[in-house]
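What the coordinates show
These are the residues of each chain, in order.
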Amino acid sequence: ASVGLDGNRIFFGEHRRLHADSTNSGAVSVFELLENGWSQTDLIFPKGPTAAFGDFGWPLVIEGNTLVVNSYDSPSGDGRSGAYVFEHVEGEWLQTARIQSFAGEPHIGTFHTDSFGSTMAIDNGELVIGAWLEWLKSTGRAGAAYVFRFQDTGGGVGSDSDKDGIPDQWEIDN
């Protein structure tokens, strides 16, 4: 499980929660402090098909109206981890992007390909995603940290014009 706190909201990642499609893909429960105490106000699942035991919800990070939730497996089963980005718009959490790992290698033993999203942080529109098992051909598994910067591209929510797995509104910050 993972927990995030932002103002009067608590986010609880339930990485084995049963999804509507009968997979244990995970979810995020949102609780808000209201006049009469804490109350669950939302239950967030990733859009589209989900991977069984995909571990959606572990970990998560929150900053203002931006929530980023990791999932260790993709619906296609290709072993590519991904971070789902949600924006709180007019009282509703909308999935606006999915940022995938770059490795694309098949699973190795019982480990996920690169553990992309095993650690995450967000601050002032910059998102850092760790991949402690990132594969480097020259040295083997060395780990990596990817820094993404949010930008308003006007290209539409979740669009990926160059098909690199990184939505156009999130740019790698070199």
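Residues numbered from 1 in each chain as written. Predicted model: local features only at pLDDT ≥ 70, side-chain atom pairs only at ≥ 80, totals over all residues. Heavy atoms only, no water.

Overview of the sheet that holds strand E7 (residues 82-89)
As a reminder of what qualifies: Between any two strands, pairing holds if DSSP finds at least two bridges. Only DSSP runs of H or I covering at least 4 residues are called helices, and only runs of E covering at least 2 are called strands; the numbering of each starts at the N terminus. For every element, the axis is a line fit to its C-alpha atoms; helices are fit only across the contacting stretch, and the angle between N-to-C directions ranges from 0 to 180 degrees.
Spatial strand order, E5-E6-E7-E8: four strands in an open sheet with antiparallel pairing. Of all the strands in the sheet, just strand E5 (60-63) and strand E8 (92-100) have a single pairing partner and so form its edges. Averaged over all neighbouring strand pairs, the angle between strand axes comes to 20°, with direction disregarded. Bridge count between E5 and strand E6 (residues 66-71): four bridges; the pairing is antiparallel. Paired with Leu60 across the strands is Val69, a residue of E6.

Looking at the environment of Gly91
Using the following cut-off: For each residue, the accessible area found with a 1.4 Å probe, counting protein chains only, is set against the maximum for its type, and the residue is called buried under 20%, exposed over 50%, and partly exposed in between.
Following the sequence through the fold, Gly91 ends up in the loop between E7 and E8. Residue classification places Gly91 among the exposed positions, given a relative accessible area of 53%. C-alpha separation for the pair Gly91 and Asp42, spaced 49 residues apart in sequence, amounts to 9.8 Å.

Read these as layout, nothing more, since geometry by itself doesn't imply function.
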